[in-house]
Amino acid sequence: MLVERGRAGRGASGRNAGQLVTYFERPLCDLVDAFGFDMATRGQAEVEAAWGLLDEMLASTGAAVPVERLVGAMGMFSLNHLLVHLRNVRIRNQSGLDRETVEISEQASFLGRIPEQFRDLYTIVSQARIRECLEIDTDDYVAVLLNRKGCANSALLCQELLAHMIRHYPDRFVFADQSTAEHIVLGQADARLAVGRHFIAASRVVLCTNGFNHHTIDNQVGGILPQRLESKIHPRIGYMAGFVSSPGAPATATSYINNEEIGGKKPYYYLTRRSYARSGEVVTLTCLGGPEAVVMDTAAYDENADVPREIAQVFDAQVRPLAASSRPAGLDYDYTWHGLMAYTDNKIRLVGFEPRNPVLMYNLGCNGVGFLPSIAGGLRIAKLHSGHTLQPSIFDPS
Ligand SMILES: Cc1cc2nc3c(=O)[nH]c(=O)nc-3n(C[C@H](O)[C@H](O)[C@H](O)COP(=O)(O)OP(=O)(O)OC[C@H]3O[C@@H](n4cnc5c(N)ncnc54)[C@H](O)[C@@H]3O)c2cc1C
């Protein structure tokens with residue numbers, strides 16, 4: 001049974017940038033330092049396997065969701081960016097993960113300071129090539145990381161998959177929207193959920209609630225949980241602005257680092273351009289993103305509130321000149337929106353059993369990137385629920 005507080009696909013799944021990407025908001029080399037080579041690369045491989053799962057979902061359900069596939073670029077400007085990503089590329093090559101390419105401008109001031117051990121991992125290109133990859137007309141960025149990306153409409157995917165489930169599994173699947181799970185009581189081997197005037201008896205509960213905290217949990221075995229989970233999830237509001245133009249522009253998914261050193265506090269900016277079907281026509285939709293704000297009380301967060309004026313100014317004054325420089329300043333956007341991005345303490349999605357009571361499971365905490373990771377998490381949940389024993393993983397709740 002899927003219980004949804006609002007309408008399906010109206011959370012982050014309906015309010016994102018539509019990029020299909022598989023990176024963590026934490027470098028792979030950092031994950032290797034924290035979890036060891038095998039566990040970290042296994043986690044990365046699991047997320048990358050979601051490309052295949054997405055294809056399988058589309059093929060087996062016939063869901064009419066266009067997926068545009070491309071090589072996407074990330075812009076870098078400091079030696080720190082390069083050293084971190086060259087380490088990541090080395091780890092990828094050693095572990096058989098998808099290959100990534102690094103290109104560095106011949107004009108990069110730090111070219112002579114890149115250690116010789118990385119020489120086989122990058123190529124030197126013209127500054128014009130860097131500009132072209134990032135679609136920029138300044139020389140603020142001097143290197144790019146190129147890798148497999150895509151674009152798709154995740155709200156449409158939710159809608160199509162839900163329709164398929166309702167149609168094909170009427171005896172096994174129930175969907176209740178406009179229904180908030182307000183209180184969850186966890187027992188030894190089952191759970192009881194209070195949803196409005198109704199109660200649901202379940203053998204297991206999977207929280208896929210992103211960073212929302214509209215519910216309380218009473219764990220009758222193994223200790224108190226709710227405070228524990230809330231203190232682990234740090235929600236932020238991610239803001240977006242989009243405009244439409246004539247059809248036919250190539251799809252793109254690009255990001256631009258803003259911090260001098262990876263791991264700094266400034267959010268990075270990003271650009272998604274994809275085809276978009278609206279009222280009988282297909283247009284090009286260009287989405288700009290990056291600005292974020294901390295949210296203290298997610299129960300009070302209004303997903304339909306207007307984008308604040310100061311955030312709109314950041315789009316026009318900072319994101320647009322970089323990621324859509326041919327668009328004049330001061331124009332209204334066709335769409336602005338925002339959604340919750342839940343960050344976990346370790347910036348890794350939480351997927352698996354609650355260690356204090358396995359009746360409860362989690363698949364949440366996008367940490368900025370959740371489209372493919374949530375699908376990968378879905379398979380992990382299905383396997384665990386079916387009784388598979390899985391190797392320890394970076395996603396395990398602890
Ligand atoms: C601005 C923005 C841009 C993003 N861009 C990208 C991107 O380009 N690429 C990418 O990979 N990821 C991106 N993400 C993240 C991505 O959208 C999500 O991680 C992904 O869609 C998976 O979401 P989810 O299912 O975990 O959560 P959601 O889609 O938020 O779903 C959680 C659902 O739980 C419901 N809910 C919560 N509490 C209760 C309750 N008590 N009872 C019943 N229902 C409840 C909510 O109503 C909601 O519908 C972005 C997110 C934002 C906000």
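Please refer to the structure higher up on the page.
Being a predicted model, the structure only gives us computed values, none of them experimental.

### Thoughts on the overall build of the chain
A count of helices and strands for the chain gives nine helices and 19 strands. For the chain, the spread of C-alpha atoms along the principal axes amounts to about 65 × 50 × 40 Å. Among the 398 residues that make up the chain, the fraction classed as buried is 36%. Taking contacts inside the chain between residues at least 6 apart in sequence as the whole, the part at least 24 apart equals 73%.

### With respect to the site of the ligand
Lining the immediate environment of the ligand, one finds 36 residues, of which G11, G238, G339, C366 and G370 sit closest. Counting residues per element, the ones that place at least two in the shell around the ligand are β13 (233-245), β17 (335-344) and α9 (371-385). For the shell around the ligand, the residue count by class is 15 nonpolar, 17 polar and four charged.

### Some points on the packing of helix α1 (residues 28-35) against helix α4 (residues 79-95)
As a packed pair, α1 and α4 sit with axes 7 Å apart at the nearest point and diverge in direction by 65°. Classed by the angle they form, the pair α1 and α4 counts as roughly perpendicular. Across from L28, C29 and V32 in α1, the residues of α4 making contact are V84, R87, N88 and I91. Counted by class, the contact of α1 with α4 contains five nonpolar, one polar and one charged residues.

What counts and what doesn't
Residues numbered from 1 in each chain as written. Predicted model: local features only at pLDDT ≥ 70, side-chain atom pairs only at ≥ 80, totals over all residues. Helix = DSSP H or I, 4+ residues; strand = E, 2+ residues; numbered from the N terminus. Buried ≥ 20, exposed ≤ 12 C-beta atoms within 10 Å, placed from the backbone. Contact = placed C-beta atoms within 7 Å. Near = placed C-beta within 6 Å. Nonpolar A, V, L, I, M, F, W, Y, C, P; charged D, E, K, R; others polar. Axes fitted to C-alpha atoms, helices over the stretch in contact; angles between N-to-C directions. Parallel < 35°, antiparallel > 145°, perpendicular 65-115°, else oblique.

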